[in-house]
Amino acid sequence: MDSSKKVQGSIDDFQKVCERYYHLIRNMPSCIAIFEPRNNGEDFVFVAFNPAAERVEKIKEEEVLGREVRDIFPGVVDFGLFDVFKEVYRTGEPAFHPVRSYRDKRISGYRENYVFRMPGGEIVAVYEDRTDQKQLEEKYKLGEERFRNLADMLPEMICETNRKNIITYANRLALERFEYSDKDLAKGIPLENLIVAEQRDLARREALHQYRNKSKISHEFTAVTKTGKTFPIFFKVSPIITHDKVSGLRGVFVDITDQKKTQEKLERETIYLNQLIQSAPEAITQTYKDGTIIRINEEFTRLFGYTEKEIIGQHIDEVLAHGDEKILKEANKITKSIGQGKRKMIESIRYHKNGTPVSVSILGTPITLHNKRIGVYGIYRDITRRKHDQLITEIMLRISETALKVSNLQEFFNVTCNYLSRILDTTNLFIALYDSKTKTFSFPFFRDEKDRFDRVPAKGTISGYVVKTGKSLMLKGKDFMNLKRAGEISMVGTVSKVWLGVPMIVKKEIVGVISLQNYDNEDTFNKDDLKLLQIFANQAAMAVVHIQSQQDILMAKEKAEENIKFKEQFLSTMSHEIRTPLNAIIGMSQLLIRSKPRKDQEEYLQALRISGESLLRLINDILDYSKLESGKMVTETIAFDPRDMINSLQKVFVYRAEEKGLKLITVIEPGIPEQLKGDPTRFTQILTNFIGNALKFTNKGSITIGLGLVKETARFADIRFYVSDTGIGIAPDKMEKIFESFTQAETDTTRKFGGTGLGLAISKRLVEMFDGKIQVDSKLGKGTTFSFILHLEKVKDLAVASGKSIIEPRILAGKKILVVEDNPLNRMLAERFMKQWGIKVESAENGKVAVEKVARKEYDLVVMDLQMPVMDGYEAARRIRQMEDKSRSTTPIIALTASVLLDVKSQVFKYGMNDVLMKPFQPESLFKILAENIRK
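Okay, so let's go over this structure.

Criteria and thresholds
Residue positions are given per chain, counted from 1 along the sequence in the order it is written. In view of the model being predicted, local features appear only for residues whose pLDDT reaches at least 70, and side-chain atom pairs are presented and counted only at 80 or more, with totals across whole chains, interfaces and linings using the full set of residues. Derived side-chain values reflect all non-hydrogen atoms in the structure, with water molecules and hydrogen atoms excluded from consideration. A 1.4 Å probe that fits but cannot get out identifies a cavity on a 1 Å grid over protein atoms alone, an open set with protein on both sides within 12 Å along at least five of seven lines counts as a pocket, and a residue lines either if it has an atom within 4 Å of a point. Grid points are joined across faces, edges and corners, and a volume is the space filled by probe spheres set on the points. Runs of H or I in DSSP of at least four residues are treated as helices and runs of E of at least two as strands, each being numbered from the N terminus. Salt bridges are counted wherever a side-chain nitrogen of Lys or Arg sits within 4 Å of a carboxyl oxygen of Asp or Glu. Here the term buried applies to any residue with accessible area under 20% of the maximum for its type, exposed to any over 50%, and partly exposed to those in between, with areas from a 1.4 Å probe on protein chains only. Pairs of strands are assigned from DSSP output, requiring at least two bridges between the strands. Helix axes are fitted only over the stretch in contact, all axes being lines through C-alpha atoms; the angle between N-to-C directions runs from 0 to 180 degrees. The contact rule is simple, with two residues in contact once any of their heavy atoms fall within 4.5 Å. In this tally Asp and Glu are treated as negative and Lys and Arg as positive; neither His nor the chain ends contributes. Think of a polar contact as two N or O atoms within 3.5 Å of one another; within protein, one of them needs to be a possible hydrogen donor and the other a possible acceptor, and neighboring residues in sequence only count if both atoms come from side chains. Three classes are used: nonpolar for Ala, Val, Leu, Ile, Met, Phe, Trp, Tyr, Cys and Pro, charged for Asp, Glu, Lys and Arg, and polar for all others, with Gly counted as polar.

### Remarks on empty space enclosed by the protein
What the rule picks out here adds up to four cavities of 30 Å³ or more. Along the wall of the largest cavity there are 22 residues; nearest its centre are Phe 430, Phe 453, Ile 462, Val 492 and Trp 499. For the lining of the largest cavity, the secondary structure elements donating two or more residues are β18 (440-447) and α18 (462-469). Ranked by the residues each element gives to the lining of the largest cavity, the list is headed by β18, at three residues.

### A word on the pattern of salt bridges
According to the stated counting rule, one finds 31 salt bridges in the structure shown. Arg 302 serves as the salt-bridge partner of Glu 299, at 2.6 Å between the closest nitrogen and oxygen. Linking Glu 299 with Arg 302, this pair stays in helix α12 (residues 298-304), spanning three residues, or about one helical turn. With a relative accessible area of 16%, Glu 299 lands in the buried category. A salt bridge links Arg 715 to Glu 793; its shortest N-O distance comes to 3.4 Å. Separated by 78 residues along the polypeptide, Arg 715 in the loop between β26 (702-712) and β27 (716-725) and Glu 793 in strand β29 (residues 783-794) bring together distant segments of the chain. Arg 715 sits in the partly exposed class, given a relative accessible area of 45%. We classify Glu 793 as partly exposed; its relative accessible area is 24%. A single salt-bridge network, built from bridges that share partners, covers Glu 57, Arg 111 and Asp 129.

### Quick look at the sheet that holds strand β3 (residues 95-103)
With antiparallel pairing, five strands are arranged side by side in an open sheet as β2-β1-β5-β4-β3. Each of the sheet's edge strands pairs with one partner strand only, and the pair in question is β2 (43-49) and β3. Taking the axes of each pair of neighbouring strands and ignoring which way they run, one obtains an average angle of 30 degrees across the sheet. Pairing of strand β4 (residues 108-117) with strand β5 (residues 123-129) involves seven bridges; the strand directions are antiparallel. The residue of β5 that forms the bridge with Arg 111 is Asp 129. Across the sheet, helix α6 (residues 81-91) is in contact with β1 (31-38), β2, β3, β4 and β5; its angle to β4 comes to roughly 5 degrees.

### Some remarks on the side chain of Asp 104
Topologically, Asp 104 is positioned in the loop between β3 and β4. For the buried residue Asp 104, which engages in no salt bridge, the nearest side chain bearing the opposite charge is Arg 106, 5.0 Å off. A distance of 2.7 Å separates a polar side-chain atom of Asp 104 from the backbone nitrogen of Arg 106. Within the structure, the side chain of Asp 104 is placed 2.7 Å from the backbone nitrogen of Ile 107, a separation counted as a polar contact.

### Details of unusual backbone geometry
Positive phi is not limited to glycine here, since Asn 40 has a value of about 60 degrees. Summarising the element assignment, Asn 40 is placed in the loop between β1 and β2. For Asn 40, a relative accessible area of 68% puts it in the exposed group. If you check the backbone angles, Lys 439 has positive phi at about 55 degrees while not being a glycine. Relative to the elements of secondary structure, Lys 439 occurs in the loop between β17 (429-435) and β18. Judged by relative accessible area, which is 51%, Lys 439 ranks as exposed.

### Observations concerning the side chain of Asp 317
Mapped onto the fold, Asp 317 is located in helix α14 (residues 316-321). Despite its burial, Asp 317 remains without a salt bridge, the nearest opposite charge being carried by Arg 350 at 5.7 Å.

### Looking at the sheet that holds β18
Strand pairing in a sheet relies on backbone hydrogen bonds. The paired strands run either parallel or antiparallel. If you trace the six strands from one edge of the open sheet to the other, you get β19-β18-β17-β22-β21-β20, paired in antiparallel fashion. Both outer strands of the open sheet, β19 (455-457) and β20 (473-476), are each paired with one neighbouring strand and no more. The mean angle between the axes of side-by-side strands here comes to 25 degrees, regardless of whether they run parallel or antiparallel. By the bridge criterion, five bridges tie β17 to strand β22 (residues 509-518) in an arrangement that is antiparallel. Considered in β22, the bridge of Leu 433 is made with Gly 512.

### A closer look at the layout of surface pockets
In this structure, the second largest pocket spans a volume of roughly 490 Å³. Taken together, 20 residues form the lining of the second largest pocket, with Asn 165, Leu 191, Arg 204, Ala 207 and Leu 249 sitting closest to its centre. Here the lining of the second largest pocket gets six residues from one element, more than from any other, and that element is helix α10 (residues 200-213). Of the residues in the lining of the second largest pocket, the class split is 12 nonpolar, four polar and four charged.

Have a look at this one:
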């Protein structure tokens, strides 16, 4: 029993020892790992792993217990620790494994191990993690190396000493500047040897002062080299701390040789700058960037009235704005902008000390030091005089412009006197116009505080004296009395303190006087004001001349317009009066020719027709030329077939050619587009003139009408139109002359061949309207070719463009048409043609009868002459359109007219008519226009 108690006691004691042992291991700050040897010390298995080791190795104790060390830490062999375990197990002697780098796939770091064997054979590894310490040492070493490299690159001289002030390190610049070598450095150089002997005590005190108080550099010293050379320096020292103790000093030496030279140069330049600023003709201020004034120059005091003592320390904008909020806001904005680094230049207003506004140009520029803005220079130039001169120039320009624009003097004086009031006191201003016949003044403009006059005799007035002398005057108190005593004036009206008067001269004749006066202050005006008034008087005289010229021009224009209107009315009337009977002559001859007359009668009728057509061409030439001259020729752009146009011309002229025994040939070259856009009527007119000339001047041979393709693109074609003949030709010196109006190549041409000489002139103008040019090639006795090239657009949709309306010949049969015509022959002619087409025709001799007939009876169409007695065609058409019965008011109306100058078409459509037929007309033209407009 006693023995068992002893055994139990021993076990309890052992457990307590184990608990203490375990508690000690768990709370040790060092890492502890305990291993049990296996296979006679060939391997080691974890039996303990304290928390410190868990933290360092980032693995829990339960993960390692019972496992071999190489399974957990595979790098332990390369680390060298595994061999230490085996050696300690074999010998029983503890071993120290120094700091080394351990690395495997999971962890890395630096470890320092102490290994020993316990009595039971267990191997204990007590180790420390030296990773942070090792990295710190490497960083220190790297930092030291970098410091040395950096120090060698710095522009300052750097030295380090030990506690005995012996230099242990000097960078390259220090060694070079002080003329020492690495060998000298190895032997030891006292720091004080770098300063001249007489300043060493002061240098020691300065170094101690800097060391203790960490103060800034306060003294300049003289450095000395190994060979005795000297140069100025500043130095700064600081302690070197090693293991929390001062191990020496580090000194930085700055060679200030260049700095001293620069400082001396800067001082000189500062003096020069100050002298320049003070002697500058502009007012100059220097401020901090917030606008606080640092200095001003003498010109600033002269311009704004402030002395340097009064203004230093104040804000520049507040001082010069003088309470003007608008100016202050503008100035603050500028100051802020300049403070941000922008250069500003403006013209504005600033104020004198006494409150007077001063016009100035301001240049503000930032002051920059080391890329940092530290202040602002403000330069103020007085531009009051320039502004005043600019204002005068501007006002005089405005007055001059007004003088050239106004239509009456009253308007000129009202406008320009308001301008003048901007530069002169015009409280009392009058303009007196002088009538040399009645010797009186009238006042188109009168502004006065005391008096008022409408018309006064010139005699005895000061203005009359100006007219008499022809000179500009400025009169003050004594001047008035002297003129009165001399009998020159009798003082009409209230006497003023000062009076200015300037004559207005037109073509060396005085037409009036302009005057300014003041009743209170004789110093209101000066000689400069008198000069301004003289300029104004010149402008007023210019206005008089201009207005007179305008009135003359207006009268001439009205007269010219009356002449043009008369000419147009005359031509229109003559056109109507001549073309109306011509319509009857040509129409009747055509009717008679169609009635199968005898051969001799047909010859007479053909002669009659040809004469009528010749007379019609003559009239048309004159009218066309008149329209071209007045710019009233109208062109159109429609689709047309150039082949049809040429073939139609051939049919028209073939009989005339045969009568002269000539061949009329058409040549259409390959590639001519089927459809083009242009004005076929005008093109036909041009070619007709060419063909007419060819027929006139060709007695044998042939005439060719041709088309040629010059150039073609996808959209356009350049077409050459030409007419060639084998006639008499044109002399080279007459080529230009043939295109002149009313001119022919030879003086006897008109007598031999007839004509007006207008055909080619008209053709040339027409071709130019289409951006073309007529080309003439001719040889005397061999013939002539007239040609022109036009740039014409092709028609894309040929199916639409070539679609021709087919008019059924019997479409008009049975239709009821009213012919309104005051000329009986023309009325009869129209009726005869229409009856041939099966039309039921009725007639009316004027518009009034026509309106009455339409009101009573429904017609399919009305043919309405425009110029008729009682009621013309325009009024008749208007009344028909106003009828309440829609079947009557919508009756198609064709205007019939012989007038070609007036804007007939627009008038016709304005009065509601549907189309226009010009007289004289061909039967085919009448049929076509009736068929196109007949009520279906």
